[in-house]
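What the coordinates show
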Amino acid sequence: MRGRYTDGLMTANDTDGAAGTAARRRWKAVLLTAEQLDELSARDPLGNFQQGSRMAALAARHGSVCSNVGLTDADGHVVAGAMIAYTPSRFGMSGSIWLGPICDPDDTPMLSALSDAIRADAKRHHAIEVAAWPNLVYRLHASDGTPTEEPHDGYLRAFEGLGWSHQPLTCGYDSVINRWVYVKDLTAYGTADALLKSYAKRTQWSIERARSMGVVVREVGVGELRVFADIERQTAQRRHFAYRGEQYFRDFAAAFGDRAHFLIAYIDTAAYEASMRRKAQRLEELVAGLEAKLAQRETTKLRRRHNEESSNLKAARKRLDAARGLTARGAMLPAACSLFVTHPNETVYLYSGSVEEYKPFYASALIQHEAMVTLCLDKGITRYNFYGIDGVFDDPDSEGHGVLEFKQGFNGHVEELVGEFTLPVGRARLALRNTLKRVLG
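Taking an unreviewed UniProt entry as the reference, the chain is identified by name as Peptidoglycan bridge formation protein FemAB belonging to Bifidobacterium castoris. UniProt's Sequence similarities (unreviewed entry) comment on the chain is quoted here verbatim: "Belongs to the FemABX family."

This is the structure:
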């Protein structure tokens, strides 16, 4: 990881003595403004969309009380920070730091000072604890899940040495922050064509197939969010996950502004019908030519090819009839949708949905490619975050196997994050809560 302060780094134990106290005085704990938090998030490698004023605005819309805690150096420059979202519970407020704090984990004195600031802020909000999911990679893996490096256990020791308790490392989809994410590094790709060629052959075929079938991808505004939300609702019902509702997406759009990108893939039915008509016409001409040759001199090879192309023609006419049926439904039929968030460090693929009937149009694959081109290559962003997978690579029956296979088609890598840490604050209330949990099961 980054060694921003490499001169005289201390261990966790060093911070318990006078040297540790002196080190902490290098920084001042402050409440950050929204502008200061966003500036830190934008320039720090650990910065992300969850740690910023836009996420705070979204959380506030849904009942959280947000606080921005940070450290400044002797010159007043912000060197570390965290956006804490407090939500009420029966025993007091509980704080959450999503994909944070933003702090160099290799600089133990700085992490110690920030932990003290977080604890003090939590006490001001009468919180019993603060949970954090740092944006730190515990271990890198290849696309198939094979580890490509040793685990960074030092990150766990750094937090635990400062009073944070670490939750067990898990697989599966977590309810708050996914511990396993799939990422594609776009540094090597300067053009859309080069990017396309980097995918697995099957994924390349799916994207080209979508284009040939009249699928187009458009970014939509709030006026079309009902269409977006309706696709999400259908998908939630089909896959049995919680549907957030149209208002949530409207709140998201309001909070993130031009950083939120709602993409919908439509079937241009006129273009699709025209494409199917051209294919049928080409096959009709081909079959007619073969029939003429057979009339002159029949051979086994000609007859076999005639039968094959006649079968293809029959299928093409069937697809043309289906295309005409779609044209009768409307000019542009929504087939799939995705929500993306842009940040100076990355573009994140956050939510998606699809219409089951239109699965053969491969609209979801085309959306991913278009997002990487328009929201990464065109903006100079070199990291594309496909976000959550379940971390299970060897079980075809696992909950997330289909999602994993889809994302693997784009040839990225896997990042296993360090997971959840909890900082106790109101120890008496926390002990009472934990006792009641054990008693009540």
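Still to come is the rest of the account.
**So, the side chain of S398**
Within the secondary structure layout, S398 lies in the loop between strand 13 (383-388) and helix 13 (401-408). Not counting chain neighbours up to four residues away, the residues in contact with S398 comprise D390 and V392.

**Notes on the packing of helix 10 (residues 269-296) against helix 11 (residues 300-329)**
Close contact between helix 10 and helix 11 brings their axes to 8 Å; oriented N to C, the two are set at 160°. Accordingly, the angle class assigned to the pair helix 10 and helix 11 is roughly antiparallel. Two packed elements cross with a definite hand, and for helix 10 against helix 11 that hand is left-handed. The residue makeup of the contact of helix 10 with helix 11, split by class, is 15 nonpolar, five polar and 11 charged.

**Quick look at the pairing of strand 3 (residues 78-89)**
Each regular strand shows side chains that alternate between the opposite faces of the sheet. Here strand 3 lies mainly inside the structure; nine of its 12 residues are buried. Bridge count for strand 2 (residues 65-72) against strand 3 is eight bridges, and the pairing is antiparallel. Across the sheet, T72 pairs through a bridge with V78, a residue of strand 3. Bridging between strand 3 and strand 4 (residues 92-98) involves five bridges; their strand directions are antiparallel. Following the sheet pairing, S89 is matched in strand 4 by G92.

**With respect to the environment of L114**
As for its position among the elements, L114 is in helix 4 (residues 108-124). Note on L114: relative accessible area 0%, which makes it buried. Linking L114 and V79, residues 35 residues apart in sequence, is a C-alpha distance of 9.9 Å. Residue contacts for L114: discarding those within four places in its chain leaves V69, G70, L71, A80, G81, P101, I102 and C103.

**Quick word on helix 8 (residues 225-239)**
Look at helix 8: 21 Å from first C-alpha to last across 15 residues, which is about the 21 Å you get at 1.5 Å a residue. Burial in helix 8 covers these residues: L225, F228, A229, I231, E232, T235 and A236. In an axial view of helix 8, the angular spread of the buried residues amounts to 160°, which keeps them on one side of the axis. More than 90 degrees from the buried face of helix 8, the exposed residues found are R226 and Q237. Against helix 9 (246-256), strand 10 (260-268), strand 11 (332-343) and strand 12 (346-354) lie the buried residues of helix 8. H240, located one to two residues past helix 8, shows a positive phi value of around 65°.

**Side note on unusual backbone geometry**
Here the amide bond leading from G100 into P101 is cis, since omega sits at 10°, within 30 degrees of zero. Inspection of the secondary structure assignment puts P101 in the loop between strand 4 and helix 4. Of note in the backbone geometry, L99 takes a positive phi value of approximately 50° without being a glycine. Within the fold, L99 resides in the loop between strand 4 and helix 4. Of the residues examined, L99 reaches a relative accessible area of 6% and is grouped as buried. Look at Y362: it is not a glycine, yet its phi comes out positive at around 55°. Its place among the elements puts Y362 in the loop between strand 12 and helix 12 (363-375).

**With respect to the packing of helix 7 (residues 201-212) against helix 12**
When two helices pack together, their arrangement is captured by the angle between the axes and the distance separating the axes. Interhelical geometry of helix 7 versus helix 12 gives an angle of 100° and a closest axis separation of 8 Å. As judged from the angle between their axes, helix 7 and helix 12 are roughly perpendicular. For the pair helix 7 and helix 12, contact is made by S206, I207, A210 and R211 and by A365, L366, H369 and E370, respectively.

**Here we look at the packing of aromatic side chains**
According to the stated counting rule, one finds 23 aromatic pairs in the structure shown. Summarising the aromatic geometry, the rings of F159 and F421 are spaced 4.6 Å apart at their centres and angled 25° between planes, so their arrangement reads as stacked. Linking F159 in helix 5 (residues 153-160) with F421 in strand 15 (residues 421-424), this pair joins segments that are 262 residues apart in sequence. For F421, a relative accessible area of 0% translates into the label buried. Among the aromatic residues, those joined into a ring-pair cluster are F49, F228, Y248, F249, F252, F256, F262, Y351 and Y387. Lying over the aromatic face of Y248, R244 brings its terminal NZ or CZ to 4.4 Å of the ring centre.

**Some thoughts on the sheet that holds strand 9 (residues 215-220)**
Spatial ordering of the open sheet is given by 6-14-8-13-12-11-10-9, a layout of eight strands whose pairing is mixed. Every interior strand has two partners, whereas the edge strands, strand 6 (137-141) and strand 9, have only one. When strand polarity is set aside, the average angle formed by the axes of neighbouring strands in this sheet is 30°. Both strand 8 (residues 180-185) and strand 14 (residues 413-417) contribute to a ladder of four bridges, which runs antiparallel. Paired with Y182 across the two strands is V414, which belongs to strand 14. Packed onto the sheet, helix 10 meets strand 10 and strand 11 and runs at close to 40° relative to strand 10. Sheet strands touched by helix 12: strand 8, strand 9, strand 10, strand 11, strand 12 and strand 13. Its angle to strand 11, the strand with the most contacts, is close to 40°.

**Details of the sheet that holds strand 4**
In space, the seven strands of this open sheet follow the order 1-2-3-4-5-15-7, with mixed pairing throughout. Whereas interior strands pair on both sides, the edge strands pair on one side only; in this sheet they are strand 1 (28-31) and strand 7 (165-166). Note that strand 5 (residues 127-133) and strand 15 share four bridges and pair antiparallel. Residue V130 lies in a different strand from strand 15, and its bridge partner there is L423.

Criteria and cut-off values
- Residues numbered from 1 in each chain as written.
- Predicted model: local features only at pLDDT ≥ 70, side-chain atom pairs only at ≥ 80, totals over all residues.
- Heavy atoms only, no water.
- UniProt positions renumbered as here; feature names shortened; annotations may be inferred.
- Helix = DSSP H or I, 4+ residues; strand = E, 2+ residues; numbered from the N terminus.
- Contact = heavy atoms within 4.5 Å.
- Axes fitted to C-alpha atoms, helices over the stretch in contact; angles between N-to-C directions.
- Parallel < 35°, antiparallel > 145°, perpendicular 65-115°, else oblique.
- Left-handed = near helix turned anticlockwise from the far one by under 90°.
- Nonpolar A, V, L, I, M, F, W, Y, C, P; charged D, E, K, R; others polar.
- Buried < 20%, exposed > 50% of the residue type's maximum accessible area, 1.4 Å probe, protein only.
- Pairing = 2+ DSSP bridges.
- Expected span 1.5 Å × (residues − 1).
- Arc of directions from axis to C-beta.
- Phe/Tyr/Trp six-rings, centres within 6.5 Å; stacked < 30°, edge-to-face > 60°.
- Lys NZ or Arg CZ within 6 Å of the ring centre and 35° of its normal.

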